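Residue-level listing of the chains:
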Amino acid sequence: MGNTLSLARLALTEFLDNLHTFQTLQARIQRSPGLPLPNPSRSFWSYPPSPIATHVSQLPTHADFVVVGSGITGTSVVRTLLDSASADGHGVRVVMLEARDACSGATGRNGGHISPPLYHDYISLKRDHGQVVAQKMIKLRLAHLEELRSVAEQESILAESQWREVESVDVFYNSDMFEKAKTKVQTYKADLPFDAEHHKVHGAKEAIEKYCLASDTLGCISSSAGAIHPYQFVTGILAKLLSRYPNHFSLCTNTPCTSISPPTSSNPYYTLSTPRGAITTPHVIHATNGWAATLLEKFRGKIIPFRGNMTAQRPGQSLPIPNSNPASHRSFVFYTRPIGYEYLTQLPTGEHELMLGGGFAQDGDEGYEAMGNTDDTTYSTRIGAQLSGVLPRYFGENNWGREGVPLEGGEGEWAEGRVKALWSGILGISADLIPWVGRLPRVISGRSEPPLSSVVKSEKEEGVHVGAAPGEWIAAGYSGEGMVHAWLSGKALAEMVLGREVEEWFPDIMRVSEKRWKKAKAENLLDALDD
């Protein structure tokens, strides 16, 4: 009887703990993310700061398009709007509002990977949306590698952006996970023969020898991918746009949008309030990802903030370093458990820092502490400890060798041990794990649209309208895969705003609709993650 009561008490305690965790999580993801906090943790990417990091243009009282957010999405939107309108002979006025410094959100705090999830979720995409749609999603992700290179070349920032091709290596330590992954690869290669040759399965012996991994590695799956310096890519483009369109583009950093008011009988535009004054516009474009639900209350529980953690570390002295041979550039994803992983890429210059992030399952309650958390002024100490100590374990102590030491005459602003910097960033997790891109219906925005009479008018041709009917728009909710969704999502969104078609290449499942919005529920996330 005593044992039975003890077991019952333990079961009840566990149930109450789980219930409390669930209720706490529910409350957290339904509250406003608020505005980005001042003084975020120091990202290695953003030093030295860009010359336009704190650029503050004069805030006009009116603009044709207002973009909220200065990360990779907002930058893609602004570039497409300005370049496309200019090519058609129209001069449009675009304002970008940023709550903190330029590119201080997730883009400037991520892992720098251009490594699309391909075989990883192809089967679930195919099951849920059909083979044609699944392949369209895969092609969009794959297209980012070449698209980002092309943009960097066009803007003459290829060198500073550090764009490069890498061999991406998924490393497995669990036999069930490895077998499941191999099955997924087989299906992927059969259905997408155009990408089949880029995926190779390596057994334990080959994986350990080829990639200098620890002796308990069970196998790897390699593929083609890329890497980039996300901060220098985005701020480099913004600087070019400020120079190219001095009379048509305004970048207002440290100017948060605190509220959006709908049109009135006396003002046929949206009114955006900021600490520096108000601005009116017929088009509001939300590019705030994890903070989207601050200005869009109906997106609470649909795009969920999630705090991720990143590090910059000196490599062990025995690890091979990248050189002029493209084959020497690699990125890794380490899978040790069904939920959660660590991802790694290595910089091509300087101390060849290892940029390691992930580990969210170490954050207590299987990572629930990160859900709904928008505090990027600090980081999880548990995840920090995991990330700081795990690399010699993954590569093996002998392969790692002695600890790296700072370069003579190098920067004195970083820590001198293995871990040079540790920081966090806020991701936006979509409740259905698909990004949200397109016009916002009134039921979601919560605001009426400006009348058609307030449509953007051409400066050069009287009576000519520029773009679609007025409204609010969004591109957000990349679920930690922004570098293979955000740029082309922003480009597609800008084309939509300009009234153009993107159906040929853009997956419809990413579009915003009232039906999809009603169906997407945060409680379904765990089921999706099991795939």
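Provided above is the structure to which this section pertains.
The sections below set out a description of the structure shown in this document. (Residues numbered from 1 in each chain as written. Predicted model: local features only at pLDDT ≥ 70, side-chain atom pairs only at ≥ 80, totals over all residues. Heavy atoms only, no water.)

Notes on the overall build of the protein
To be explicit about the condition: Each helix corresponds to a stretch of at least 4 residues labelled H or I by DSSP, and each strand to a stretch of at least 2 residues labelled E; elements are numbered beginning at the N terminus. Our radius of gyration looks at C-alpha atoms and nothing else; its globule reference is 2.2 Å times the residue count to the power 0.38. Residue contacts are counted whenever heavy atoms from the two residues lie within 4.5 Å of one another. For accessible areas, the Shrake-Rupley method is used with a probe of radius 1.4 Å. Any residue's cover is judged against the shown protein chains and nothing else. As used throughout, the charge tally considers Lys and Arg to be positive and Asp and Glu to be negative, leaving His and the chain termini uncounted. Every charge is mapped to an atom, namely NZ of Lys, CZ of Arg, CG of Asp or CD of Glu.
Helix and strand content of the protein: 17 helices and 18 strands. Taken over C-alpha atoms, the radius of gyration comes to 24 Å for the protein, in line with the 24 Å a tight globule of 531 residues would show. Along the first, second and third principal axes, the C-alpha set of the protein runs to 70 × 65 × 50 Å. Contacts in the protein between residues at least 24 apart in sequence constitute 79% of all its contacts with a sequence separation of at least 6. Total accessible area on the protein is roughly 22,300 Å²; 52% of this is exposed by carbon and sulfur atoms. Side chains of the protein carry 50 positive and 58 negative charges; the gap between the two charge centres is 3 Å.

What to know about the sheet that holds strand 8 (residues 259–261)
Sheet strands pair via backbone hydrogen bonds, and the direction of the pair is either parallel or antiparallel. Which entries qualify depends on this criterion: In short, DSSP must find at least two bridges between two strands for them to pair. Between N-to-C directions, angles cover 0 to 180 degrees, with each direction set by a line fitted to C-alpha atoms, over the stretch in contact for helices.
Spatially, the 3 strands line up as an open sheet ordered 8-9-10, and their pairing is antiparallel. With partners counted over all chains shown, the strands left at the sheet margins are strand 8 and strand 10 (277–281), one partner each. Within this sheet the neighbouring strands show an average axis-to-axis angle of 25°, counted without direction. In this structure, strand 9 (residues 270–274) lies alongside strand 10, joined through 5 bridges in antiparallel fashion. Residue Ser 273 lies in a different strand from strand 10, and its bridge partner there is Ala 278.

Regarding unusual backbone geometry
Our working definition: Relative accessible area decides the class of each residue, using a 1.4 Å probe on protein chains only: under 20% of the type maximum gives buried, over 50% gives exposed, and in between gives partly exposed.
Of note, the amide linkage connecting Tyr 47 to Pro 48 takes the cis form, showing an omega dihedral of 0°. Looking at the secondary structure, you find Pro 48 in the loop between helix 1 (2–29) and strand 1 (65–68). Positive phi is not limited to glycine here, since Asn 39 has a value of about 55°. Checked against the element boundaries, Asn 39 lands in the loop between helix 1 and strand 1. For Asn 39, a relative accessible area of 67% puts it in the exposed group. Backbone geometry places Leu 433, a non-glycine residue, at a positive phi of 60°. Mapped onto the elements of the fold, Leu 433 is located in the loop between strand 16 (419–430) and strand 17 (436–439).

Observations regarding the pairing of strand 6 (residues 219–227)
Taking burial as the measure, the 9 residues of strand 6 include 8 buried ones, the bulk of the element. Note that strand 3 (residues 113–114) and strand 6 share 2 bridges and pair antiparallel. Looking at the pairing, His 113 lines up with Ala 227 of strand 6. Sheet topology note: the strand 4 (residues 164–172)/strand 6 ladder contains 9 bridges and is antiparallel. Residue Glu 167 lies in a different strand from strand 6, and its bridge partner there is Ser 224.

Focus: the packing of helix 3 (residues 119–129) against helix 4 (residues 131–154)
How we decide: Comment on the angle field: the value is read as roughly parallel under 35 degrees, roughly antiparallel over 145, roughly perpendicular from 65 to 115, and oblique elsewhere. By definition, any crossing whose near helix is turned counterclockwise from its far helix by less than a right angle is left-handed, and any crossing with a clockwise turn is right-handed. Residues are grouped as follows: Ala, Val, Leu, Ile, Met, Phe, Trp, Tyr, Cys and Pro are nonpolar; Asp, Glu, Lys and Arg are charged; all remaining types, including Gly, are polar.
For the pair helix 3 and helix 4, the least separation of the axes is 7 Å and the interaxial angle reads 140°. Judged by the angle between their axes, helix 3 and helix 4 are oblique. Note that helix 3 runs across helix 4; the crossing there is right-handed. Counted together, Asp 121, Tyr 122, Leu 125, Lys 126 and His 129 of helix 3 and Gln 131, Val 133, Ala 134, Gln 135, Met 137, Ile 138 and Arg 141 of helix 4 form the full contact between these two elements. Among the residues forming the contact of helix 3 with helix 4, the class breakdown is 6 nonpolar, 3 polar and 3 charged.

Quick notes on the packing of aromatic side chains
Quick note on the threshold: In summary, the pairing rule links any two rings of Phe, Tyr or Trp, Trp by its six-membered ring, whose centres are within 6.5 Å, and it sorts them by plane angle into stacked for under 30 degrees, edge-to-face for over 60 and tilted for everything else.
Going through the model one piece at a time under the given rule, you end up with 16 aromatic pairs. Between the aromatic rings of Tyr 211 and Phe 332, the centroid separation amounts to 6.5 Å while the plane-to-plane angle is 90°, which identifies the pairing as edge-to-face. Highlighted residues: Tyr 211 in helix 8 (residues 204–211) and Phe 332 in strand 13 (residues 330–335), separated in sequence by 121 residues. This pair shows no difference in class: Tyr 211 is buried, exactly as Phe 332 is. Pairing Phe 299 with Trp 436 gives two aromatic rings, centres 5.2 Å apart and planes at 85°, and the pair type is edge-to-face. Taken together, the residues Phe 299 in the loop between helix 10 (292–295) and strand 12 (303–313) and Trp 436 in strand 17 connect sequence positions 137 residues apart. With relative accessibility at 0%, the residue Phe 299 sits in the buried group. Judged by its relative accessible area of 0%, Trp 436 is buried.

Quick notes on the pattern of salt bridges
If charged atoms from side chains of opposite charge come close, those side chains can pair. Selection rule: Salt bridge, as used here, is a side-chain nitrogen of Lys or Arg placed within 4 Å of a carboxyl oxygen of Asp or Glu.
Per the stated rule, a full pass over the model turns up 30 salt bridges. The shortest N-O distance in the salt bridge between Glu 155 and Arg 244 comes to 2.9 Å. Here Glu 155, found in the loop between helix 4 and helix 5 (158–161), pairs with Arg 244, found in helix 9 (residues 230–244); they are 89 residues apart in sequence, far enough to count as distant. The shortest N-O distance in the salt bridge between Lys 518 and Glu 514 comes to 3.2 Å. With Lys 518 and Glu 514 both in helix 16 (residues 514–519), this residue pair falls 4 residues apart, about one helical turn. Given the relative accessible area of 49%, Lys 518 is considered partly exposed. Among the residues examined, Glu 514 registers a relative accessible area of 34% and is labelled partly exposed. What emerges from the salt-bridge pattern is a single network uniting Arg 79, Asp 83, Glu 155 and Arg 244.

A look at the pairing of strand 16
Of all 12 residues making up strand 16, 11 are buried, and the element is well covered by its neighbours. For strand 12 and strand 16, the ladder comprises 11 bridges, and the chain directions are antiparallel. Of the residues in strand 16, the one forming a bridge with Ala 312 is Ala 421.

Things to note about the environment of Ala 385
For Ala 385, the position within the fold is in helix 11 (residues 381–389). Sequence separation of Ala 385 and Pro 263 is 122 residues, and the distance between their C-alpha atoms is 50 Å.

Brief notes about the sheet that holds strand 18 (residues 471–476)
The mixed open sheet is built from 6 strands, whose spatial order is 7-2-1-11-18-17. Looking at the sheet topology across the chains shown, the edges are occupied by strand 7 (249–252) and strand 17. Within the sheet, the average angular offset between the axes of one strand and its neighbour, ignoring direction, is 15°. Summarising the sheet, strand 1 and strand 11 (residues 283–286) pair through 3 bridges and their orientation is parallel. Residue pairing across strands places Val 67 opposite Ile 285, the latter belonging to strand 11. Where helix 15 (residues 486–497) meets the sheet, its contacts fall on strand 1, strand 11, strand 17 and strand 18, and the angle it forms with strand 18 comes to roughly 165°.

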